[in-house]
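# Remarks on the overall topology
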Amino acid sequence: MTALLATIAGVFGAAIGSFLNVCIDRLPEQESVAKGRSHCDGCNRQIRARDLIPVLSYVALRGRCRDCGTRIPVRVVLVEAATGLCFAGLFLAHGASVTFAILAVYAAILVVVFVIDLEHSLILNRVIWPALIFAFLVAALVSPHWLGSLFPHALLSAAAGAASGFALLFLIALVARGGMGWGDVKFAAFMGAATGFPLVFVALFCGIIIGGVVAVLLLVSGKKGRKQAIPFGPFLALGTMATLLWGPQILTWYVGLM
């Protein structure tokens, strides 16, 4: 039964991933995500309902538009599949719980931030401000366990995390003089509100480590030059998700090393 329910969660996640693709396509262009049906960028025809089935439609169409044959970006199926797998994994870990619902929303937000910053080098206010409000509402109304017990209320932990994340990356942005975008700074506030204090430092640390490793690999392979910018948001998003899932364990492990 658990496997069946996890599969259903995965299918639902893939459907959410399809909507996230709409957000990824439209938000950078200042377009509404609620109005207008999806259409092919090549022939501008509306996509039929049977061609909007997550993952399966892409496979059946071999990654091309049914009408004009324009190639559909592989990102579309990757986002759908990744979101579906993420939802299935979260369900296996937390079941049909409030924690599952919260983490699923956070996962969706992080997917949007990850892909938009990867493709456009932008972290949009239209994403960050609603996400920040959601994180504070979660802290105030639900008080999830990962926000810790250093404060009398989880909302204070979220506020301290948001302030710490924002202040740290704000200082780095000032020192870097263009080496870090202000979108990253605002995103750090969301990271802190979502993970709380002191786990915000775990999220930032994980993001920096992942980003550093990837940057070195890109430089060594010759795919990026020393003066070419590498978006930092995707790595911060990965660090945030890792912390939401395993933050207390990572912190305990690190303190043990010290």
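This report concerns the structure included in the present document. (Residues numbered from 1 in each chain as written. Predicted model: local features only at pLDDT ≥ 70, side-chain atom pairs only at ≥ 80, totals over all residues. Heavy atoms only, no water.)

### Some points on the packing of helix 4 (residues 98-120) against helix 9 (residues 233-257)
If you want to describe how two helices pack, look at the angle between their axes and the distance between the axes. It is the contact of helix 4 with helix 9, at a shortest axis distance of 8 Å, that shows an interaxial angle of 165 degrees. As judged from the angle between their axes, helix 4 and helix 9 are roughly antiparallel. Of the two elements, helix 4 crosses helix 9, and the hand of that crossing is left-handed. Residues Leu103, Tyr106, Ala107, Leu110, Phe114, Asp117 and Leu118 of helix 4 form the contact with helix 9, whose own contacting residues are Gly233, Pro234, Ala237, Leu238, Thr240, Met241, Leu244 and Leu245. (Axes fitted to C-alpha atoms, helices over the stretch in contact; angles between N-to-C directions. Helix = DSSP H or I, 4+ residues; strand = E, 2+ residues; numbered from the N terminus. Parallel < 35°, antiparallel > 145°, perpendicular 65-115°, else oblique. Left-handed = near helix turned anticlockwise from the far one by under 90°. Contact = heavy atoms within 4.5 Å.)

### Observations regarding the layout of surface pockets
Empty space within the largest pocket amounts to approximately 750 Å³. Contributing to the lining of the largest pocket are 34 residues, with Ser38, His39, Ile47, Ile72 and Val76 lying nearest its centre. Secondary-structure elements contributing two or more residues to the lining of the largest pocket are helix 1 (2-26), helix 2 (56-60) and helix 3 (74-94). Sorting elements by how many residues they give to the lining of the largest pocket places helix 1 first, with 5 residues. Tallied by class, residues from the lining of the largest pocket come to 13 nonpolar, 7 polar and 14 charged. (1 Å grid on protein atoms, 1.4 Å probe; cavity = no way out; pocket = protein on both sides within 12 Å on 5 of 7 lines; lining within 4 Å. Points joined across faces, edges and corners; volume = space filled by probe spheres on them. Nonpolar A, V, L, I, M, F, W, Y, C, P; charged D, E, K, R; others polar.)

### Here we look at the nonpolar core
Grouped together as the largest cluster of nonpolar side chains are 60 residues, with contacts concentrated most on Tyr106, Trp146, Phe187 and Phe190. When residues of this core are traced back to their parent elements, those giving at least two are helix 1, helix 3, helix 4, helix 5 (125-141), helix 6 (154-176), helix 7 (182-195), helix 8 (199-221) and helix 9. Ranked by residues supplied to this core, first place goes to helix 4 with 13 residues. Here Tyr106 is in contact with Phe134, Ala135, Val138, Trp146, Phe190, Ala194 and Leu244, once residues within four sequence places are set aside. (Core = buried A, V, L, I, M, F, W, Y, C linked by side-chain atoms within 4.5 Å. Buried < 20%, exposed > 50% of the residue type's maximum accessible area, 1.4 Å probe, protein only.)

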